[in-house]
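Residue strings, one per chain:
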Amino acid sequence: MTEVDNYGTDHLGLLVKASNDVDENKRITVENVVDECKAFYIAGHETTTTLLARSVLLLVIHTDWPEEARKEVLELFGQQDPNAEGIPRKKKMNMIINESQRLYPPIINIPRKVQRKVKPGQFILPANINVTILTLTLHLDPQI
Ligand code: HEM
């Protein structure tokens, strides 16, 4: 493979590769590539920054938790940078992040179009209606 054909194996590389596919049926357009990049930027960036900002806000309000989190990070990593193996073992940090997502979910509703009649649990949903799942209500109302 020449250097010019080597797009790399990350997400962007795979998209650019697909836009240069010799098989016309498999090839995607440059507009498709741009749309995918926009989707990942919006989906990945806004959600993550919202989560981080609100987690920091919660840590400022609940003053005993930063110390708990700091202790855990130092126990797991010492003076090393956090690594991929250690990150899932961070129980306190996960609790903080989960609670932040419960109280302030970055996505507060999830819209769905009902294509055909379905019966989820006690509900009967007819075809061709729009349903909104309210993440915030789901997280805050113990009955739901
Ligand atoms: C705290 C962080 C995040 C939250 C709360 C979150 C939340 C969500 C939710 C609720 C959906 C489903 C939307 C639906 O089905 O209607 C979704 C889909 C998606 N998210 Fe995230 N997300 C986060 C981080 C990320 C990151 C970091 C990326 C990419 C780097 C990403 C990329 C996507 C994509 C591409 C979809 C669409 C999947 C599809 O429809 O096939 N998200 N996200």
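Residues numbered from 1 in each chain as written. Predicted model: local features only at pLDDT ≥ 70, side-chain atom pairs only at ≥ 80, totals over all residues. Heavy atoms only, no water.

### Quick notes on the overall build of the protein chain
A tally of regular secondary structure across the protein chain gives 5 helices and 2 strands. In the protein chain, the order of α-helices and β-strands from amino to carboxyl end is α-α-α-α-β-β-α. Taken against the 2.2 N^0.38 rule, which gives 15 Å for 144 residues, the C-alpha radius of gyration of the protein chain at 22 Å runs more than 25% over that of a compact globule. Taking the principal axes of the C-alpha coordinates as reference, the protein chain spans close to 60 × 55 × 20 Å. Per-residue burial over the protein chain gives 12% buried out of 144 residues. Nonlocal contacts in the protein chain, meaning residues at least 24 apart in sequence, comprise 39% of its contacts between residues at least 6 apart. For the protein chain, the accessible surface area stands at approximately 11600 Å², while carbon and sulfur atoms represent 57% of it. (Helix = DSSP H or I, 4+ residues; strand = E, 2+ residues; numbered from the N terminus. Rg over C-alpha atoms; globule rule 2.2 N^0.38 Å. Buried < 20%, exposed > 50% of the residue type's maximum accessible area, 1.4 Å probe, protein only. Contact = heavy atoms within 4.5 Å. Areas by Shrake-Rupley, 256 points an atom, 1.4 Å probe, with all protein chains shown as cover.)

### What to know about the domain arrangement of the protein chain
One can read the domain layout of the protein chain as domain 1 (3-107) and domain 2 (108-144). In this structure, domain 1 and domain 2 have C-alpha centres spaced 27 Å apart. Taken together, the contact between domain 1 and domain 2 spans 6 residues of the former and 7 residues of the latter. Regarding the contact of domain 1 and domain 2, the summed buried area is about 480 Å², with carbon and sulfur atoms giving 59% of it. Taken as a group, R102, P105 and I107 account for 85% of the area that domain 1 buries against domain 2, more than any other trio of residues on that side. (Domains from an automatic or database assignment. Buried area = accessible area lost by both parts, 1.4 Å probe.)

### Some remarks on the side chain of T135
By the secondary structure assignment, T135 is in helix α5 (residues 135-140). Other than its neighbours up to four places away in sequence, T135 contacts P105, I107, I108, N109 and I110.

### Some words on the packing of helix α3 (residues 65-77) against helix α4 (residues 91-103)
Contact pair α3 / α4: the axes reach a minimum separation of 8 Å and the direction vectors enclose 140°. The angle between α3 and α4 falls in the class oblique. Where α3 abuts α4, its residues W65, E68, A69, E72 and V73 lie against K91, K92, M93, M95 and I96. Of the residues assigned to the contact of α3 with α4, the class counts are 6 nonpolar, no polar and 4 charged. (Axes fitted to C-alpha atoms, helices over the stretch in contact; angles between N-to-C directions. Parallel < 35°, antiparallel > 145°, perpendicular 65-115°, else oblique. Nonpolar A, V, L, I, M, F, W, Y, C, P; charged D, E, K, R; others polar.)

### What about unusual backbone geometry?
Phi angles above zero are rare outside glycine, and N128 is one such case at about 65°. Its location among the elements puts N128 in the loop between β1 (109-114) and β2 (129-134). Note on N128: relative accessible area 59%, which makes it exposed.

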